[in-house]
Amino acid sequence: MATASLLLLTACGSGDDNSKSEDETTGRPHAGGATTSVSPSAGASGPTNRPDIALPKGVENRFEGWKTGDRTEDAVLSDVAQTVNAVDDAIVRGDTNSSILAYYRQGKALVSAQKWVQAWLDEDLTWTGVTRYFNPNVKVADSDTAAVVYCADESKAYNKNRKTGKVDKTPSDESPYVTYSTQLKKNSDGVWQTTEVLSKRGGRTCAS
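Residues numbered from 1 in each chain as written. Predicted model: local features only at pLDDT ≥ 70, side-chain atom pairs only at ≥ 80, totals over all residues. Heavy atoms only, no water.

Student: For this particular structure, what's the right way to read the overall build of the chain?
Tutor: Of regular secondary structure, the chain possesses 4 helices and 6 strands. Counting helices and strands in the order they occur from the N terminus, the chain gives β-α-α-α-β-β-β-β-β-α. Approximately 9200 Å² of the chain is accessible, and the part contributed by carbon and sulfur atoms is 47%. (Helix = DSSP H or I, 4+ residues; strand = E, 2+ residues; numbered from the N terminus. Areas by Shrake-Rupley, 256 points an atom, 1.4 Å probe, with all protein chains shown as cover.)

Student: Whenever I open this one, the packing of helix α1 (residues 71-93) against helix α3 (residues 107-122) confuses me. Can you help?
Tutor: Helix packing geometry: the angle between the two helix axes and the distance between the axes. For the pair α1 and α3, interaxial distance at closest approach is 9 Å and the crossing angle is 35°. Pair α1 / α3 crosses with right-handed handedness. Residues Val 87, Ala 90 and Ile 91 of α1 pack against Ala 113, Trp 116, Val 117 and Trp 120 of α3. Residue classes in the contact of α1 with α3 are distributed as 7 nonpolar, no polar and no charged. (Axes fitted to C-alpha atoms, helices over the stretch in contact; angles between N-to-C directions. Left-handed = near helix turned anticlockwise from the far one by under 90°. Contact = heavy atoms within 4.5 Å. Nonpolar A, V, L, I, M, F, W, Y, C, P; charged D, E, K, R; others polar.)

Student: What's the story with the state of the cysteines in this structure? I'm lost.
Tutor: A covalent bond bridging the sulfur atoms of two cysteines is what the word disulfide describes. On inspection of all chains with the given rule, the structure shows 1 disulfide. Two residues, Cys 151 and Cys 206, share a disulfide whose sulfurs are 2.0 Å apart. Here Cys 151 and Cys 206 share a disulfide; its torsion about the S-S bond, -85°, makes the bridge left-handed. Separated by 55 residues along the polypeptide, Cys 151 in strand β3 (residues 145-161) and Cys 206 in helix α4 (residues 204-207) bring together distant segments of the chain. Each member of the pair, Cys 151 together with Cys 206, is buried. (Disulfide = S-S within 2.5 Å. Buried < 20%, exposed > 50% of the residue type's maximum accessible area, 1.4 Å probe, protein only.)

Student: What's the story with the packing of aromatic side chains in this structure? I'm lost.
Tutor: Throughout the structure, instances matching the rule amount to 7 aromatic pairs. Considering the side-chain rings of Trp 66 and Tyr 150, the 5.7 Å spacing of their centres and the 80° angle between planes classify their relative orientation as edge-to-face. Of this pair, Trp 66 sits in the loop between β1 (59-63) and α1 while Tyr 150 is found in strand β3, placing the two residues 84 residues apart along the sequence. Summarising the burial analysis for this pair, Trp 66 and Tyr 150 share the class buried. Judged by centre distance (5.2 Å) and plane angle (20°), the ring pair of Tyr 150 and Tyr 180 falls under stacked. Of this pair, Tyr 150 sits in strand β3 while Tyr 180 sits in strand β5 (residues 177-186), and the two are 30 residues apart along the sequence. Summarising the burial analysis for this pair, Tyr 150 and Tyr 180 share the class buried. Aromatic rings pair up to connect Phe 63, Trp 66, Tyr 133, Tyr 150 and Tyr 180 into one cluster. Above the ring of Phe 134, the side-chain terminus of Arg 132 is found at 4.1 Å from the ring centroid. Over the aromatic face of Tyr 158 sits the side chain of Lys 169, whose NZ or CZ is 5.0 Å from the ring centroid. (Phe/Tyr/Trp six-rings, centres within 6.5 Å; stacked < 30°, edge-to-face > 60°. Lys NZ or Arg CZ within 6 Å of the ring centre and 35° of its normal.)

Laid out in structure tokens, this is it:
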């Protein structure tokens, strides 16, 4: 996998991605890494003792327009943000067997996320900078099934060599915009887990 193709896709990413960038990318906390811009329990039913995700300083995910005012939809969006953060946490720590990843992802989405994390490890890469997530469109089908389509802007996120710490800001030929289409299922604990993810880089939906 070429370094250029590792341009962030995050997870929340994962899954059955048909694009070059696979499916990952899911979100990143504010610089300093203490919390994310979306509360894990925002609008939420479900457990309050969710795993903490604290990304390191310089690694930031921004979630813009990430609330609709509907309690159920906001709970879904909150867990989508957490799955994005969980993928990035696993990438930064180099942990393909992350328990946090498995907390927010299951099925094809979990398998794909684990492969995505391994791809970063194989290239001795992690990332730094800011990824912006915006234009979320959430549809709740019933009490435990939902779908979310959202956009990512990776123009301020950069590959970083895991060993040397060198940051690569070389302009990429690929679009920094990625459209994610996800499916979620609420488990018995009330967590909206991502089960499938598709991503498309450079689509008009997000680039316009």
